Structure formats: C-alpha cells, structure tokens
Amino acid sequence: MKDKIFGVLQRVGRSFMLPIAILPVAGLLLGLGSSFTNTTTIETYGLQWLLGDKTILHALLVIMNAVGSAIFDNLPLIFAVGVAIGMAKKEKEVSALSAVIAYFVMNVSINAMLKISGKILADGSIAKDVLDGTITSVCGIQSLQMGVFGGIIVGLGVAALHNRFYKIELPNALSFFCGTRFVPIISTVVYLFVGIL
C-alpha cells in the first residue's frame with residue numbers, strides 16, 4: 001500500500017517536470033525583455049542609440065517580453081496539458097487534447113455560474129461585492145482566479161479519466177465513440193460539473 005502511494009506521488013512529481021522545464025526560459029525572456037526596454041534603464045546607461053525606440057534590438061526585446069509574459073499568463077493551461085501527458089499511461093496525445101478541452105469547459109462553466117449568481121453583471125463588469133482579484137480573465141474567459149492549481153486539477157482529473165476510459169468498448173451503434181474518442185467526451189461532461197461546483 002505504501003509503495004503504491006509512493007509510486008503515484010512519484011508519477012505526479014515527474015508529470016510536473018514538463019511544464020516546469022519551460023519556466024527558466026520564460027523567466028529569461030521576460031526578465032531580459034522588460035529590463036532592457038525600460039526607459040529609465042536605457043537613459044541611465046546612455047543606450048538610446050542601441051536600445052531606444054525604433055531600433056531592431058528594442059523590437060526584439062519587446063517581442064521577448066511578450067513571449068515570456070504569454071507563457072507565465074497561461075501557466076494553468078500549460079500545467080493542465082503537461083500533467084495530463086505525464087500521468088497518462090498510453091495515447092498521451094489524446095489526454096493532452098482532452099485536458100485543453102476540459103480546461104476551457106471548466107472555465108466557461110465557472111463563468112456561467114458567476115453570471116447566474118450575479119457576480120458578473122450583464123454588461124461584463126464584476127459586481128461590487130466581489131473581492132478584488134477573485135475573478136480574472138483566463139484565455140479571454142472571466143473565471144475564478146485559480147492559478148496553476150486549476151490547471152493541476154484538470155490535468156490530474158483528465159489523466160485519471162483517460163487511464164480509465166481510453167480502452168472502453170461501447171455498443172455497435174455507438175462504436176465510433178469508443179476507445180480514445182470517448183476520453184474528450186467524458187472529460188467534457190465531468191468538467192462541466194466540476195466548473196459548476
């Protein structure tokens with residue numbers, strides 16, 4: 001029993017390594033991009049001729065900053081996919097696609113519940129009684145601020161669903177949906193209810 005639990009925790013830890021591996025590169029891109037496009041830094045060191053507006057190096061640094069920001073802004077989705085891939089036993093690409101679908105379904109369900117409960121008003125603004133930072137934009141969807149934890153919830157859940165259902169057999173009338181095609185379907189249904197909860 002103890003060995004089984006330790007084995008599962010070891011697999012979970014290894015599955016975190018894929019999304020974590022991109023963080024140093026994203027940090028360098030963001031750090032270099034934001035540091036060397038800062039007007040105070042450029043003026044202090046007299047580097048307007050090299051790093052000022054309209055220079056090629058400035059444009060490259062602005063792009064590096066944007067790329068680093070994009071990675072950090074979408075870490076929950078990256079973790080959802082990375083954990084699902086790391087925890088899936090076989091057919092890992094199906095688990096990755098299912099994780100993306102489940103992540104969006106969960107956030108859209110949360111958005112709908114926030115609208116139904118009056119936390120997000122009809123005009124898209126947030127109600128006054130909602131604490132600052134509770135609701136944020138997740139890939140353009142107003143949802144609860146769950147951060148990387150939300151991605152990990154999706155990744156682990158989708159991997160469990162994937163490992164349970166990727167070999168499922170259905171009656172002949174539904175045979176098109178059996179096997180790996182069933183995983184995104186069951187992930188959608190489950191994460192619809194997870195988002196509601």
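Just so it is clear, the structure is predicted and the values come from calculations on it, not from any experiment. Counting restarts for each chain: residues are numbered from 1 in the order of the written sequence. Totals for whole chains, interfaces and linings use all residues, but because this is a predicted model, local features are given only for residues with pLDDT of at least 70 and pairs of side-chain atoms are given and counted only at 80 or more. Side-chain measures here rest on the full set of heavy atoms in the structure, leaving out hydrogens and waters.

Peer 1: What is the right way to look at a nonpolar patch on the surface in this model?
Peer 2: Residues qualify for a patch when their relative accessible area is over 30% and they have no salt bridge, like charges being joined within 9 Å and the nonpolar side chains of Val, Leu, Ile, Met, Phe, Trp and Tyr within 5 Å. Each accessible area value is a Shrake-Rupley result obtained with a 1.4 Å probe; residue values ignore everything except the protein chains displayed when judging cover. Here, a salt bridge means any Lys or Arg side-chain nitrogen found within 4 Å of an Asp or Glu carboxyl oxygen. A contiguous nonpolar patch, built from Met113, Ile116, Leu174, Phe176, Phe177, Ile185, Val189, Leu192, Phe193 and Ile196 and spanning about 900 Å² of accessible area, is present on the exposed surface. Among the elements that line the nonpolar patch, the one with the most residues is helix H9 (residues 182–196), at five residues. The way it works is that DSSP assigns letters per residue, a run of H or I at least four long becomes a helix, a run of E at least two long becomes a strand, and they are numbered from the N terminus. Here Ile196 shows up in helix H9.

Peer 1: Explanation requested: the nonpolar core in the structure shown.
Peer 2: Side chains of nonpolar character tend, in soluble globular proteins, to be buried together. The criterion is simple. A nonpolar core is a set of buried Ala, Val, Leu, Ile, Met, Phe, Trp, Tyr and Cys residues joined through side-chain atoms within 4.5 Å. Burial status follows relative accessibility: with a 1.4 Å probe on protein chains alone, a residue under 20% of its type maximum counts as buried, one over 50% as exposed, and anything between as partly exposed. Residues Tyr103, Val154, Val158 and Tyr191 are the most contacted members of the largest nonpolar core, which totals 21 residues. Of all the elements in the fold, those that place two or more residues in this core are helix H6 (75–87), helix H7 (92–116), strand S1 (135–138), helix H8 (147–165) and H9. Of all the elements, H7 adds the most residues to this core, at six residues. The residues contacting Tyr191, other than those within four sequence positions of it, are Ala102, Val105, Met106, Ser109, Ile153, Val154, Gly157, Val158 and Leu161. We call two residues contacting when some pair of their heavy atoms lies within 4.5 Å.

Peer 1: What is the right way to read the side chain of Ser95 from this model?
Peer 2: Tracing the backbone through its elements, the reader meets Ser95 in helix H7. Here a polar contact is taken to be a pair of N or O atoms separated by no more than 3.5 Å, where protein atoms must pair a possible hydrogen donor with a possible acceptor and residues adjacent in sequence count only if both atoms sit in side chains. A distance of 2.9 Å separates a polar atom in the side chain of Ser95 from the backbone oxygen of Ala84. The residues contacting Ser95, other than those within four sequence positions of it, are Ala84, Ile85, Ala88, Val158 and His162.

Peer 1: What is the right way to look at the packing of aromatic side chains in this model?
Peer 2: Two aromatic rings, taken as a pair, are described by how far apart their centres are and by the angle between their planes. Only Phe, Tyr and Trp rings are paired, with Trp represented by its six-membered ring, and only when their centres lie within 6.5 Å; those with planes under 30 degrees apart are stacked, over 60 edge-to-face, the remainder tilted. In this structure the tally under the stated criterion is four aromatic pairs. Pairing Tyr103 with Phe104 gives two aromatic rings, centres 6.1 Å apart and planes at 70°, and the pair type is edge-to-face. With a centroid separation of 5.5 Å and an interplanar angle of 65°, the aromatic rings of Phe165 and Phe182 are classed as edge-to-face. One end of the pair, Phe165, is in helix H8; the other, Phe182, is in helix H9, and 17 residues separate them in sequence. For the pair Phe165 and Phe182, a shared accessibility class is recorded, and that class is buried.

Peer 1: Please clarify how H8 should be interpreted in this entry.
Peer 2: Working note: α-helix, 3.6 residues per turn, so residues spaced by three or four point in the same direction. Helix length check: H8 (19 residues) gives 28 Å between terminal C-alpha atoms against 27 Å at 1.5 Å per residue, within 8%. Next to the buried residues of H8 lie helix H1 (2–21), H6, H7 and H9. By this rule the span expected of a helix is its residue count minus one, scaled by 1.5 Å.

Peer 1: Would you explain the pattern of salt bridges in this entry?
Peer 2: Any two side chains of opposite charge can pair, given that their charged atoms come close. Taken as a whole and judged by the stated rule, the model has one salt bridge. Where Asp129 meets Lys119, a salt bridge forms, and the shortest distance between an N and an O atom there is 3.5 Å. Here Asp129 is found in the loop between H7 and S1, whereas its partner Lys119 is found in the loop between H7 and S1, with 10 residues between them in sequence. By relative accessible area, which is 57% here, Asp129 ends up exposed.

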